[in-house]
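Structure assessment
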Amino acid sequence: MPTTLGQNQYGKAENRVVRITRDGATHHIKDLNVSVALSGDMEEVHYSGSNASVLPTDTTKNTVYAFAKEHGIESAEQFGIHLARHFVTSQEPIRRARIRIEEYAWERIGTPGEGEHSFVRKGQETRLAQITFDGEEWEVVSGLKDLTVMNSTDSEFRGFVKDGYTTLQETRDRVLATSVSGRWRFNWTGDGQRMPDWDTSYEEIRKHLLQAFAETYSRSLQQTMYHMGARIIDHRDEIDEVRFSLPNSHHFLVDLEPFGLKNDTADGAVYFASDRPYGLIEATILRDGCEARIPVDLTNL
């Protein structure tokens, strides 16, 4: 049966690069996990095995480390832009470059002014960035994962559909907890536009999604999620699209009656935190007039 080659790409995945910048006794750390994927005129390497158009994946790895030294790492997004531009403009067969970056944050240990070179890895979220360039247009999708949040009250769940298999009881007061995985797409697409301040944008978006989570009286996790995305778009003009994937981390009251104890009392309660199964709530929030481009399945991003 005749066959034809479909979508294809290649590159070097998960290049771990740590850039330490020394400003006298004060040091700064950028800790990234960088994956490069390249595509273009690559039919012959698949059909005949000819490597005439193939830039070795080992070379892409070396480029990541060399660029970390030559250009520094101002931000994950800016570093990805440098790499994508280089691969597309320096290699004729390459038509498209996609750079995916995870950034791990560190904070200082010790007293300022006494040799600021000790750090502890932050235990919160991982920052994410994906930069795609086809020689003409850019697409930058940033985000985060593993940002764990909780509201200990101001959340209810009632009025839902019930059938013969429903056992869940309605509640007017529950714990609402989740681990936020989110992506947001910038409307910066070309060098003729003013480039966003990537670090400021990340910090502001993170602030707004946390404020929306904290300030929304939640009747459903869907409602809270929508408010998180809407607040980002309302306050950040550089963002056209937000997508969230939020597991509902259930907290169940422990039955303490066998021990002669009442649990849910005015002074507090004890819960069992269940890690699975969990409800998984997902949605895309768009600026009016914009089309969705972030994949529905964030594991494919």
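To be clear, the structure that these remarks concern was listed above.
Residues numbered from 1 in each chain as written. Predicted model: local features only at pLDDT ≥ 70, side-chain atom pairs only at ≥ 80, totals over all residues. Heavy atoms only, no water.

With respect to the pairing of strand 2 (residues 26-40)
Residues in a regular strand project their side chains so that they alternate between the two faces of the sheet. The element strand 2 is extensively covered by neighbouring structure, given that eleven of its 15 residues are classed as buried. Direction of pairing for strand 1 (residues 15-23) relative to strand 2: antiparallel, over a ladder of nine bridges. The partner of V17 across the bridge, within strand 2, is L32. (Buried < 20%, exposed > 50% of the residue type's maximum accessible area, 1.4 Å probe, protein only. Helix = DSSP H or I, 4+ residues; strand = E, 2+ residues; numbered from the N terminus. Pairing = 2+ DSSP bridges.)

Some remarks on the pattern of salt bridges
In total, this model carries 19 salt bridges according to the counting rule given. The shortest N-O distance in the salt bridge between E125 and R206 comes to 2.8 Å. Separated by 81 residues along the polypeptide, E125 in the loop between strand 5 (118-121) and strand 6 (126-133) and R206 in helix 4 (residues 198-215) bring together distant segments of the chain. What makes R206 buried here is its relative accessible area of 16%. E170 is paired through a salt bridge with K162; the nearest N and O atoms lie 2.6 Å apart. Within this structure, K30, E77, E103, R127 and D199 form a network of salt bridges that share partners. (Salt bridge = Lys/Arg side-chain N within 4 Å of Asp/Glu carboxyl O.)

Some details on the side chain of S274
Note that S274 resides in the loop between strand 11 (271-273) and strand 12 (279-286). Classification of S274 by relative accessible area gives buried; the value is 12%. Reaching out from S274, the side chain makes a polar contact with the backbone oxygen of R276 at a distance of 3.4 Å. Filtering out sequence-adjacent residues up to four positions away, S274 remains in contact with H250 and F252. (Polar contact = N/O pair within 3.5 Å; in protein donor to acceptor, adjacent residues only side chain to side chain. Contact = heavy atoms within 4.5 Å.)

What about the sheet that holds strand 9 (residues 239-248)?
Adjacent strands of a sheet form backbone hydrogen bonds with each other and so pair up, either parallel or antiparallel. Taken together, eight strands build an open sheet; the order of strands is 1-2-3-6-7-8-9-12 and the sheet is antiparallel. Pairing within the sheet leaves two strands with one partner each, and these edge strands are strand 1 and strand 12. Strand-to-strand, the axes of this sheet are offset by a mean angle of 20°, without reference to chain direction. Bridge count between strand 8 (residues 176-186) and strand 9: six bridges; the pairing is antiparallel. If you follow R185 over to strand 9, its bridge partner there is E241. Along the sheet, helix 3 (residues 76-90) makes contact with strand 2, strand 3 (94-104), strand 6 and strand 7 (138-151), crossing strand 3 at roughly 160°. Each of strand 8, strand 9 and strand 12 is contacted by helix 5 (residues 221-235), which is oriented at about 155° to strand 9, the strand it contacts most. (Axes fitted to C-alpha atoms, helices over the stretch in contact; angles between N-to-C directions.)

Notes on the environment of K207
For K207, the location among the structural elements is in helix 4. Taking the relative accessible area as the measure of exposure, K207 reaches 35% and is therefore partly exposed. C-alpha of K207 to C-alpha of I232: the two residues are 25 residues apart in sequence and 9.0 Å apart in space.

Brief notes about the nonpolar core
The biggest cluster of nonpolar side chains holds 53 residues, and the ones touching the most others in it are V34, F79, I99, W184 and F244. Per-element accounting of this core gives the leading share, seven residues, to helix 3. With sequence-adjacent residues up to four places away left out, W184 is seen in contact with V140, V141, S142, G143, L144, Y202, I205, L209, I239, E241, V242 and I294. (Core = buried A, V, L, I, M, F, W, Y, C linked by side-chain atoms within 4.5 Å.)

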